2 protein chains.
Amino acid sequence: MKVINNTFDTLLEKHRLKKTAPRYRVLEILTTRDVATSQPYLEELLGAEVDRVTLYRILKTFEEKGIIHKIIDVNGTANYAVCHSTCTEKKHHDEHVHFNCTSCNGIYCFNENHIAKIRLPKGFKTSSVSLIITGICAKCSTEAANS
Amino acid sequence: MKVINNTFDTLLEKHRLKKTAPRYRVLEILTTRDVATSQPYLEELLGAEVDRVTLYRILKTFEEKGIIHKIIDVNGTANYAVCHSTCTEKKHHDEHVHFNCTSCNGIYCFNENHIAKIRLPKGFKTSSVSLIITGICAKCSTEAANS
DNA sequence: TTAAGTGCAAAATCTTTGCAAATGT
DNA sequence: ACATTTGCAAAGATTTTGCACTTAA
């Protein structure tokens, strides 16, 4: 496979990862969708194209490299979304609000909402914060209203 | 088994649940510990006393009845804590801040911290909010300092 | 007595590991 | 050519289901 100078190539090169078909497919899906994608749904979309084990490994590598980040939803299922540019291998900047729609199961990343600082008891040290709102998204609300 | 008029009996009776040894054991553990307890750790504590399948079923029933609530931690593991009195079968009032210590894996419920209202885009409807802070708890920080 | 709850066995999933073959550089 | 990455098979872990036995009410 040889695709010259597209975004995925740049991304993979930056992290010294080989440009393989399975990795392109995963990036394609994750960048196309505007919401985070659950691992089960990724499997479904990839079908026989990519082995399930390979998907596990790709997601793991991508997360370690800071290319994508993982959001565990209220059911304990892993969801993945591409990180914005400030993520590195050392630290993920995913401390924005996530919205988990219980109707379509989509996870929205609300980058504009920052999480208010929480005062903790003495001795507690924060390393990261995760805020997930569960509810019905705008798309599903209007669909329900028009039916 | 016959224990008269203790807290557990009242609780189980209230929800029309039979008073069985396994249920007592689970309640005992969850009420004794001041942090939420992960399902794997519950299994460990119960050992051969309670079958693993029975534990699954007890936790499910208790959650449905509003006796305990489930907190999914950053690893996707289920943790359980007894609800405070305002929880019902219909609605869990667990919208306080949870703190997940990465050293001891304990989950603390900070009931005093309420979560600031988040402004969502038009059309998004909130049903519940979950805020989990990951870090090192006070106990583990001091232990680390003294070693 | 009898409906609810438990324990065991077994199925169904989900996740990880090992290794040989394939592929990108 | 060589280190990575993939796919398959198989092991391990987690979660669910079915059913006969037990127990609380």
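Scope of this entry: the structure provided in the associated data block.

Definitions and cut-offs
- Residues numbered from 1 in each chain as written.
- Chains lettered and ligands numbered in written order.
- Predicted model: local features only at pLDDT ≥ 70, side-chain atom pairs only at ≥ 80, totals over all residues.
- Heavy atoms only, no water.
- Near = heavy atom within 4 Å.
- Polar contact = N/O pair within 3.5 Å; in protein donor to acceptor, adjacent residues only side chain to side chain.
- Helix = DSSP H or I, 4+ residues; strand = E, 2+ residues; numbered from the N terminus.
- Core = buried A, V, L, I, M, F, W, Y, C linked by side-chain atoms within 4.5 Å.
- Buried < 20%, exposed > 50% of the residue type's maximum accessible area, 1.4 Å probe, protein only.
- Contact = heavy atoms within 4.5 Å.
- Phe/Tyr/Trp six-rings, centres within 6.5 Å; stacked < 30°, edge-to-face > 60°.
- Pairing = 2+ DSSP bridges.
- Nonpolar A, V, L, I, M, F, W, Y, C, P; charged D, E, K, R; others polar.
- Axes fitted to C-alpha atoms, helices over the stretch in contact; angles between N-to-C directions.
- Parallel < 35°, antiparallel > 145°, perpendicular 65-115°, else oblique.
- Left-handed = near helix turned anticlockwise from the far one by under 90°.

Attention now goes to the protein's contact with DNA strand D. Taken together, 18 residues are adjacent to DNA strand D, and Lys 18, Thr 20, Thr 54 and Arg 57 of chain A together with Tyr 56 of chain B come closest. Take the atoms of DNA strand D that sit within 4 Å of the protein: sugar and phosphate atoms are 64% of them. Between DNA strand D and Arg 23 of chain A, the relevant distance is 2.9 Å, taken from a phosphate oxygen to a side-chain nitrogen or oxygen of the residue. Thr 54 of chain A has a polar side-chain atom sitting 2.8 Å from a phosphate oxygen of DNA strand D. Counting residues per element, the ones that place at least two in the surface near DNA strand D are helix 2 (21-32) and helix 4 (52-65) of chain A together with helix 4 (52-65) of chain B.

What follows covers the nonpolar core. Residues Val 26 and Phe 62 of chain A together with Val 26 and Phe 62 of chain B are the most contacted members of the largest nonpolar core, which totals 40 residues. Dropping the residues within four chain positions of it, Phe 62 of chain B is found in contact with Leu 12, Leu 17, Arg 23, Val 26, Leu 27, Ile 67 and Ile 68 of chain B. In this structure, Val 35, Val 129 and Cys 137 of chain A together with Leu 120 of chain B belong to the second largest nonpolar core, which totals 28 residues.

The geometry of an aromatic ring pair is captured by two quantities: the separation of the ring centres and the angle between the planes. Per the stated rule, a full pass over the model turns up 14 aromatic pairs over all chains. For the ring pair Phe 124 of chain A and Tyr 108 of chain B, a centre distance of 5.1 Å and an interplane angle of 90° mean the geometry is edge-to-face. Placement of Phe 124 of chain A in the loop between strand 5 (107-114) and strand 6 (125-136) and of Tyr 108 of chain B in strand 5 (residues 107-114) is noted, with the two residues assigned to different chains. Ring centres of Phe 99 of chain B and Phe 110 of chain B lie 6.2 Å apart, and the angle between their planes is 40°; this geometry places the pair in the tilted category. Taken as a pair, Phe 99 of chain B in strand 4 (residues 96-101) and Phe 110 of chain B in strand 5 lie far apart in primary sequence, 11 residues in all. By relative accessible area, which is 0% here, Phe 99 of chain B ends up buried. Under the relative-accessibility criterion, Phe 110 of chain B is labelled buried at 5%. These aromatic residues form a ring-pair network of at least three members: Phe 99, Tyr 108 and Phe 110 of chain A together with Phe 124 of chain B.

Moving on, we get to the sheet that holds strand 2 (residues 68-72) of chain B. Residue and element names in this part refer to chain B. Strands sit in the order 1-3-2 across an open sheet of three strands; the sheet is antiparallel. The sheet terminates laterally at strand 1 (37-38) and strand 2, the two strands that pair on one side only. Sheet topology places strand 1 next to strand 3 (residues 78-82); two bridges connect them, and they run antiparallel. Bridging across to strand 3, Ser 38 finds its partner in Asn 79.

It is worth spelling out the protein's contact with DNA strand C at this point. Lining the immediate environment of DNA strand C, one finds 18 residues, of which Tyr 56 of chain A together with Lys 18, Thr 20, Arg 23 and Arg 57 of chain B sit closest. Of all atoms in DNA strand C that approach within 4 Å of the protein, 62% are sugar or phosphate atoms. One nitrogen or oxygen atom from the side chain of Thr 20 of chain B is found 2.7 Å from a phosphate oxygen belonging to DNA strand C. Elements with a contribution of two residues or more to the surface near DNA strand C: helix 4 of chain A together with helix 2 (21-32) and helix 4 of chain B. Of the residues contributing to the surface near DNA strand C, the split by class is seven nonpolar, two polar and nine charged.

Right, let's get into the environment of Ser 38 of chain B. Residues and elements named next belong to chain B. Positionally, Ser 38 belongs in strand 1. C-alpha separation for the pair Ser 38 and Ile 132, spaced 94 residues apart in sequence, amounts to 15 Å. If we ignore the near neighbours within four places in the chain, the residues touching Ser 38 are Thr 77, Ala 78 and Asn 79.

Okay, the packing of helix 2 of chain A against helix 3 (residues 39-46) of chain A next. Residue and element names in this part refer to chain A. In contact at an axis separation of 11 Å, helix 2 and helix 3 are set at 120° when each is read in the N-to-C sense. By the angle between their axes, helix 2 is oblique relative to helix 3. The handedness of the crossing between helix 2 and helix 3 comes out as right-handed. Residue-level contacts link Arg 25, Val 26, Ile 29 and Leu 30 of helix 2 to Leu 42, Leu 45 and Leu 46 of helix 3. Looking at the contact of helix 2 with helix 3, its residues break down into six nonpolar, no polar and one charged.

Here we come to the pairing of strand 2 (residues 68-72) of chain A. Burial analysis of strand 2 of chain A places four of its five residues in the buried class, which makes it a mostly covered element. The hairpin formed by strand 2 of chain A and strand 3 (residues 78-82) of chain A contains five residues between the paired strands, and Gly 76 of chain A there has a positive phi angle of roughly 85°.

Let us look at unusual backbone geometry. Despite not being glycine, Arg 16 of chain A shows a phi value in the positive range, around 55°. Looking at the secondary structure, you find Arg 16 of chain A in the loop between helix 1 (7-14) and helix 2.

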